[in-house]
2 protein chains.
Amino acid sequence: MNRKPLILVCNDDGITAPGIRTLISVMNEIGDVVVVAPDNPQSGMGHAITVNTTLRCNPITVDEGPQLEYSCSGTPADCVKMAVNEILNKRPDICVSGINHGSNASLNVIYSGTMSAAVEAGIEGIPAIGFSLLDYNWDANFDACKEYVKTITENVLQQGLPEGVVLNVNIPDLKKEEIKGIKVCRQAHGNWKEEFEKRVSPQGEDYYWLTGQFVNLDKGEDTDMWALENGYVSLVPVQFDMTAHHYIKNLNTWNL
Amino acid sequence: MNRKPLILVCNDDGITAPGIRTLISVMNEIGDVVVVAPDNPQSGMGHAITVNTTLRCNPITVDEGPQLEYSCSGTPADCVKMAVNEILNKRPDICVSGINHGSNASLNVIYSGTMSAAVEAGIEGIPAIGFSLLDYNWDANFDACKEYVKTITENVLQQGLPEGVVLNVNIPDLKKEEIKGIKVCRQAHGNWKEEFEKRVSPQGEDYYWLTGQFVNLDKGEDTDMWALENGYVSLVPVQFDMTAHHYIKNLNTWNL
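In this text, all values refer to a predicted model and were calculated from it rather than measured experimentally.

Conventions we followed
Residues numbered from 1 in each chain as written. Chains lettered and ligands numbered in written order. Predicted model: local features only at pLDDT ≥ 70, side-chain atom pairs only at ≥ 80, totals over all residues. Heavy atoms only, no water. Least-squares fit on C-alpha atoms with pLDDT ≥ 70 in both. Contact = heavy atoms within 4.5 Å. Helix = DSSP H or I, 4+ residues; strand = E, 2+ residues; numbered from the N terminus. Buried < 20%, exposed > 50% of the residue type's maximum accessible area, 1.4 Å probe, protein only. Buried area = accessible area lost by both parts, 1.4 Å probe. Salt bridge = Lys/Arg side-chain N within 4 Å of Asp/Glu carboxyl O. Polar contact = N/O pair within 3.5 Å; in protein donor to acceptor, adjacent residues only side chain to side chain. Nonpolar A, V, L, I, M, F, W, Y, C, P; charged D, E, K, R; others polar. Pairing = 2+ DSSP bridges. Axes fitted to C-alpha atoms, helices over the stretch in contact; angles between N-to-C directions.

J.: So what exactly am I meant to see when it comes to the relation of the copies chain B and chain A here?
T.: Relating the two copies of this chain is a rotation about some axis coupled with a shift parallel to it. Between chain B and chain A, which share one sequence, the superposing operator has a rotation angle of 180 degrees and an axial displacement of 0.0 Å; the RMSD is 0.0 Å. Such values leave the two copies arranged in the relation of a two-fold axis. Residue by residue, 100% of the interface of chain B is reproduced at the interface of chain A, so both copies engage with the same surface.

J.: What exactly am I supposed to notice about the environment of Val166 of chain B here?
T.: Residues and elements named next belong to chain B. Turning to its location among the elements, Val166 is positioned in strand S7 (residues 165-171). Using a relative accessible area of 0% as the deciding quantity, one classes Val166 as buried. Measuring from C-alpha to C-alpha, the distance between Val166 and Asn141 comes to 25 Å, with 25 residues separating the pair along the chain.

J.: Looking at this structure, how should I read the interface of chain B and chain A?
T.: When the parts of a complex come together, some accessible area is lost, and that lost area is often used as the size of the interface. Contacts between chain B and chain A engage 75 residues on the former and 75 residues on the latter. Counting the surface lost from both chain B and chain A, the interface buries some 6900 Å², and carbon and sulfur atoms represent 64% of this. Notably, a salt bridge pairs Glu194 of chain B with Lys81 of chain A, separated by 2.2 Å at the nearest N-O pair. Where chain B packs against chain A, one counts 28 residue pairs in polar contact (both at pLDDT 80 or more). Looking at the side of chain B that touches chain A residue by residue, the class counts come to 40 nonpolar, 23 polar and 12 charged.

J.: Explain the sheet that holds S7 of chain B here, please?
T.: Hydrogen bonds between backbone atoms are what pair the strands of a sheet, whose relative direction is either parallel or antiparallel. Residue and element names in this part refer to chain B. Ordered by their spatial adjacency, nine strands build an open sheet running S3-S4-S2-S1-S5-S6-S7-S11-S8, and the pairing between neighbours is mixed. If you trace the sheet from one side to the other, it starts and ends with strand S3 (57-59) and strand S8 (182-184), each paired once. Each neighbouring strand pair of the sheet contributes to a mean axis angle of 20 degrees, computed without reference to strand direction. By the bridge criterion, three bridges tie S3 to strand S4 (residues 68-72) in an arrangement that is antiparallel. Paired with Cys57 across the two strands is Cys72, which belongs to S4. This element, helix H1 (residues 18-28), spans strand S1 (6-10), strand S2 (32-38), S4, strand S5 (94-101) and strand S6 (128-133) of the sheet and lies at about 145 degrees to S5. The strands touched by helix H4 (residues 145-159) within the sheet are S5, S6, S7, S8 and strand S11 (233-239), with S6 carrying the most contacts at an inclination of about 170 degrees.

J.: What is the right way to read the sheet that holds strand S7 (residues 165-171) of chain A from this model?
T.: All names here are of chain A. With respect to topology, nine strands assemble into an open sheet ordered S3-S4-S2-S1-S5-S6-S7-S11-S8, the strand pairing being mixed. Across the chains shown, the open sheet's two edge strands, defined by having one partner strand only, are strand S3 (57-59) and strand S8 (182-184). The average undirected angle you get between the axes of adjacent strands in this sheet is 20 degrees. Pairing analysis gives three bridges linking S8 to strand S11 (residues 233-239), with the strands arranged parallel. Looking at the pairing, Lys183 lines up with Ser234 of S11. On top of the sheet, helix H2 (residues 76-87) reaches strand S1 (6-10), strand S2 (32-38), S3, strand S4 (68-72) and strand S5 (94-101); it is set at about 135 degrees to S2, its chief contact. Those strands touched by helix H3 (residues 113-123) are S1, S5, strand S6 (128-133), S7 and S11, and its axis lies near 170 degrees from that of S6.

Any functional reading would require information beyond the geometric quantities listed.
Structural data, given as structure tokens:
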């Protein structure tokens, strides 16, 4: 029997975002889809979980289709925990997160709610992929993403992923015919140069908006930033063992 | 001239938590201290940043001492960004975060607000350490921590840390004389087995509390979990390049 795979879909822009609607439509072609996604935008939430307050999670119908959908008051990582422990009565074959409105390349992986859902699924032992399009706009055009989302998802379903590894996929904001293909990469070394914009409230109190610009400090041609700047879809394997193994030997020489 | 080091102090339990008050008292013995810490508890916030709302950050006096203190409405990562970009007029020589009420060993590093402050400082190129005591209680006894916090901080000030590496220090909940010393470790492989406790509100709606138990799946004697269970302070070097470098070669064989 050729059982259809069970696919868990999540994101961080919220369950009504066009990016997740595109992802759901592609996944409906591949398997049985269950969506558990935040009821409000969770960008920049990193790997936050909800420990000091309560969570709600309720069935919802957002648009037509065979998928089952649940709207959850928590973070992307909460959604995956909720799906695995409360909603699904068997383990999903794969978890896909996104499609994010905006880049999660380079260091952004660490701030990304999209990737935290994928990482949380990876922690649970579920093969997982985060997808992002390099267009922050709500009305971004996700058409060119579909083929790559499908190819990579089908590959993961076929090949699996080793324990402790999930995938971070970023798609350049280009027309379908302009994209040169998929490139396996490492995370570029870069960071945000923040600028806090200081304002004064009508009550006379100072407050700030966090703004900034991402700076790529990495000249390597094997990075996700290079791939994206040169018209490729970037594919980075991501791990959540954060140990800096290379530095253990040195630390052992310290006078502690 | 023997300039005193400039020390940035942060945490995730909030600026009034006993853990950070202990950390400040130790740091006052070492250098000039500036505290920028959340105005409310931020446990489990992972590497969240505040992008969809405004931030406030104001001077505050919590207790006596030479330190300067600022209370910030954001996450631990926000506090570090705010300190570096708005509050301090020169780069701190070190950033210390904590002392957290509760363990940040093993996979907890990924959910930890305490560690996200240290990682954010590391991203900014500042040597950084997160400290945690394995006691979740607000009235935990931090006395035995002091000596280890001081030793490790002084070592980092002396030796520096390489780019892209910060330290995750966990201290067992033992009396001073019971602690056997410091052990350099790797992050143990383990995870949370969640249990959602389902309740019904007075309005008849379902809601959940996230609870669970941490399970150590790692039999290694070189892990932070082993060290802590055997009476040692654990010291793990942490990196924020999340690339699973070992898997790149394999991915390049996929049919993409």
